[in-house]
Every structure is written in C-alpha cells, then in structure tokens.
Amino acid sequence: MTIKEEVTTMWKSGGGDDDVEVDEDGNELLAGGRYLTPAAVTVKRVVVVGYALTSKKTKSFLQPKLERLARNRGIQFVPVDPEKSLSEQGPFDIILHKLTGKEWRQILEDYRQAHPEVTVLDPPDAIQHLRNRQSMLQDVADINLSNSYGRVGVPKQLVITSDDASSIPDAVTQAGIKLPLVAKPLLADGSSKSHELSIAYDPESLQKLDPPLVLQEFVNHGGVMFKVYIIGEAIKVVRRFSLPDVSKRELTKNSGVFPVPRVSCAAASAEDADLDPRVAEIPPYPLLERLAKELRRRLGLHLFNLDIIRDHGNPDRFYVIDINYFPGYGKMPEYEYMFTDFFLSLGQRKYKKYALASC
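Keep in mind it's a predicted model, so treat the numbers as computed, not measured.

Overview of the sheet that holds strand β8 (residues 146-147)
Consideration 1: Spatial strand order, β8-β9-β18-β17-β14-β15: six strands in an open sheet with mixed pairing. With partners counted over all chains shown, the strands left at the sheet margins are β8 and β15 (234-241), one partner each.
Consideration 2: Against the sheet, helix α10 (residues 285-299) touches β8, β9 (150-153), β14 (224-231), β15, β17 (303-310) and β18 (317-325), its axis set at about 135° to β17.

Next up, the structure:
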C-alpha cells in the first residue's frame, strides 16, 4: 500500500491538546499522571499528491488556503522532479500534472504502466485530445445531448489546415457556414498564441486570417458565458462577461478582422452584475450533470472545464464553444473544498481496493 501512514497519538480522554510529560523511566504521560496506553494509538492515512506543474500553475493552484485545508484534512502535496524517474520518488497516491513535451508524456505513461495503483490526473493521451480544436469538440457533437432540460451541441465550424489563406472564402462558402465567424488557432496548447482569437465580419477579411485554424459561427448569446468547472464528479458554474451580440445591421456595417479580448478571465466575472434573467440564468444542473458525466467517460478526463453559451434567440439551446484541460481553478470560488474532497475520495477508493485485494 502506498498511502502514507502516520501514527498519531490520541489521548484516551478524547483530547489531543494536553501537554505530554515523561516520567523517570521515559514513559509518556498526560498532565495529571495518566499514562498513554497502546489502545490510545490510532493510524491516520495521508493521501500523497505528487505535483508536476509549471511555476505559474503552482502559484495559481497551490494557494495557501488550499495547502492549509489539505494539510488539516490529511493530504500532503509533494513536488515532483520531472528530470528523475517517478518510481524513484514518492510513494504517491495521486500524480497531478500539467507539463508538456513528448519526454514527459512518455515518463508518465511508463509510470502508469508500472504503478497502476496510482491515479494519474490525467492520462497524457487523453489530454492531447483537447490540445487540438479539430478533435476537441467532436465528442460534444457526437453526443448532441437533448432532453426536457434543453439541448447541447456545438456551433457550426470549419477546420482550415491549408496555409493558403486565399482559399478560406471559398471553403467557407462550400461549407455553408455564416458570417460573422470566430477564428481560433488549431492548437490549444496553453500558449499565449493559442488564446489569440479574432472575429471576421466579411468574406474579404477571411483572407487576412492566419491558418491553420478553426472557424466557428458566432452565436448571439447575450454577452454572457458560463464556465462549467468539472472536478471528478463535482461541478461548479460561474458567469463571465462575453462578446456582445451582433445585429444584422452591425454585420452590414462592420468589416475586417478584430482581435477578441480574453473575455472569460476572472476579471470579467458577471456574478454580481444586474443582468436579464433570461440571459444570466445558469443552465439546468441536470443537463450539465448528464453532459459532464458523458464527457468524462468519452474524454477519459477528471479535470476540465467547458465554455458554454446560451442561444439568445432560443433559451433552451446551449453551445459548447471550448474545452480546457486543468483550467485556472484558483480563480473559482471554493475550489479548495472541491479539490480536497476529490483527492480524499480518490485516496479512499484506492485504500478500499487495496483492503479488498489483501483479504
């Protein structure tokens, strides 16, 4: 069993805050002369989480409040040296990571094969699926989720892999997608370039884009986006301000390509804004739970978020426009409690599995 065990002394009287004294023979006793007995010693299991994150990610995720809460709940965070064999480090119960590169992916994959009892968050091959916007939303499109709570899909989109931007207008016409179009880099690798979105209003401006890229039909959504954070089976939804709607009149007046600001960042929070309820109402949780459950199964991931918008003309119609692996959870209210619950559940599941196997 790799779950670390710590022997914690618990006083028979039920407390653990009394001062410990030692008699002349070296035996520990409590104030008042009460001896500690073997029955007063219990075992506390600690869930060890090895983390391999960039310095920026470490700072944003491992905030002091999370570390304090984790420590109090029996979770220990241990930094991983990506230059050394993982098997020589630890032991670990969980590996939490967000590093890139073929060498690191291979190290993780080798470790997963050698230590199937350790939970790796998440499998490198599954993460790679989200690093390409061509494949990113395919699972959502395949689900085409629809029930009494609403319908979830993806906007019409076109993948441009050719480096010849002059061919884009004809490709758009043949695909039958309508302007305006949101242009997104094909690779979603977390780099600053992968976040450089733009919106094109007319056919001529399409030739100014920089392929390879993905073109998505712009859907009017009342200027509000819902960021659906998923941590295992838990879901948290927050509102963000987004791009304003585009009217037909504006579409005829506007031309060119315009950069899109990082509208989904925490500074764009719309939680306390006075918004039209028809725009700001959170998507129904039963719908989100079903979507999250299906995507966890299809993607093979535990940690991701969905960017979702509601069709302003059809309040029961929702679109997933982006999926991000291990997003900025540190910006999410109460993320500390959700993560400690999640880590503890993984540790408990592993311990039960070990206990059953050893019976």
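Comments concerning the UniProt feature "binding site: 1D-myo-inositol 1,3,4,6-tetrakisphosphate" (unreviewed entry) in the protein
Consideration 1: Mapped onto this numbering, the UniProt entry annotates "binding site: 1D-myo-inositol 1,3,4,6-tetrakisphosphate" (unreviewed entry) at Lys57.
Consideration 2: Looking at the secondary structure, you find Lys57 in helix α1 (residues 55-61).
Consideration 3: Ignoring sequence-local partners within four residues, the contact set of Lys57 consists of Leu62, Lys98, Phe326, Pro327 and Gly328.

Brief notes about the packing of aromatic side chains
Consideration 1: Considering all chains together, one arrives at twelve aromatic pairs under this definition.
Consideration 2: Ring plane angle 80° and centroid distance 4.9 Å describe the contact between Phe61 and Phe339, whose orientation is recorded as edge-to-face. Taken together, the residues Phe61 in helix α1 and Phe339 in helix α11 (residues 335-357) connect sequence positions 278 residues apart. Comparing Phe61 with Phe339, the two get one shared label, buried.
Consideration 3: When the centroid spacing of 6.3 Å and the interplanar angle of 75° are considered together, the rings of Tyr335 and Phe339 count as edge-to-face. Here the residue Tyr335 and the residue Phe339 both occupy positions in helix α11, the gap between them amounting to four residues, near one helical turn. Taken individually, Tyr335 and Phe339 each receive the classification buried, so the pair is uniform in this respect.
Consideration 4: Each member of the aromatic cluster is reached from another via a ring pair, and the members are Phe61, Phe77, Tyr229, Tyr325, Phe326, Tyr329, Tyr335, Phe339, Phe342 and Phe343.

A word on the pairing of β18
Consideration 1: For β18, the tally of buried residues reaches eight of nine residues, placing the bulk of the element in the interior.
Consideration 2: As defined by bridge partners, β9 adjoins β18 across three bridges and the pair is classed as parallel. Within β18, the residue paired with Gly153 across the bridge is Tyr319.
Consideration 3: Strand direction decides the pairing type here: β17 and β18, joined by seven bridges, are antiparallel. Residue pairing for β18: Asp307 is matched across the bridge by Asp322.
Consideration 4: A loop of six residues connects β17 with β18, the two strands running antiparallel in sequence.

Notes on the sheet that holds strand β12 (residues 198-200)
Consideration 1: Judged by pairing direction, the sheet is antiparallel, and its five strands sit side by side in the order β10-β13-β11-β12-β16 without closing on themselves. In this open sheet, the two strands that pair with only one neighbour each are β10 (157-160) and β16 (257-259). Averaged over neighbouring strand pairs, the angle between their axes works out to 25° when direction is ignored.
Consideration 2: For β12 and β16, the ladder comprises three bridges, and the chain directions are antiparallel. Bridging from a neighbouring strand, Ser198 pairs with Pro259 of β16.
Consideration 3: Each of β10, β11 (181-185) and β13 (213-217) is contacted by helix α7 (residues 168-175), which is oriented at about 145° to β10, the strand it contacts most.

What counts and what doesn't
Residues numbered from 1 in each chain as written. Predicted model: local features only at pLDDT ≥ 70, side-chain atom pairs only at ≥ 80, totals over all residues. Heavy atoms only, no water. Pairing = 2+ DSSP bridges. Helix = DSSP H or I, 4+ residues; strand = E, 2+ residues; numbered from the N terminus. Contact = heavy atoms within 4.5 Å. Axes fitted to C-alpha atoms, helices over the stretch in contact; angles between N-to-C directions. UniProt positions renumbered as here; feature names shortened; annotations may be inferred. Phe/Tyr/Trp six-rings, centres within 6.5 Å; stacked < 30°, edge-to-face > 60°. Buried < 20%, exposed > 50% of the residue type's maximum accessible area, 1.4 Å probe, protein only.

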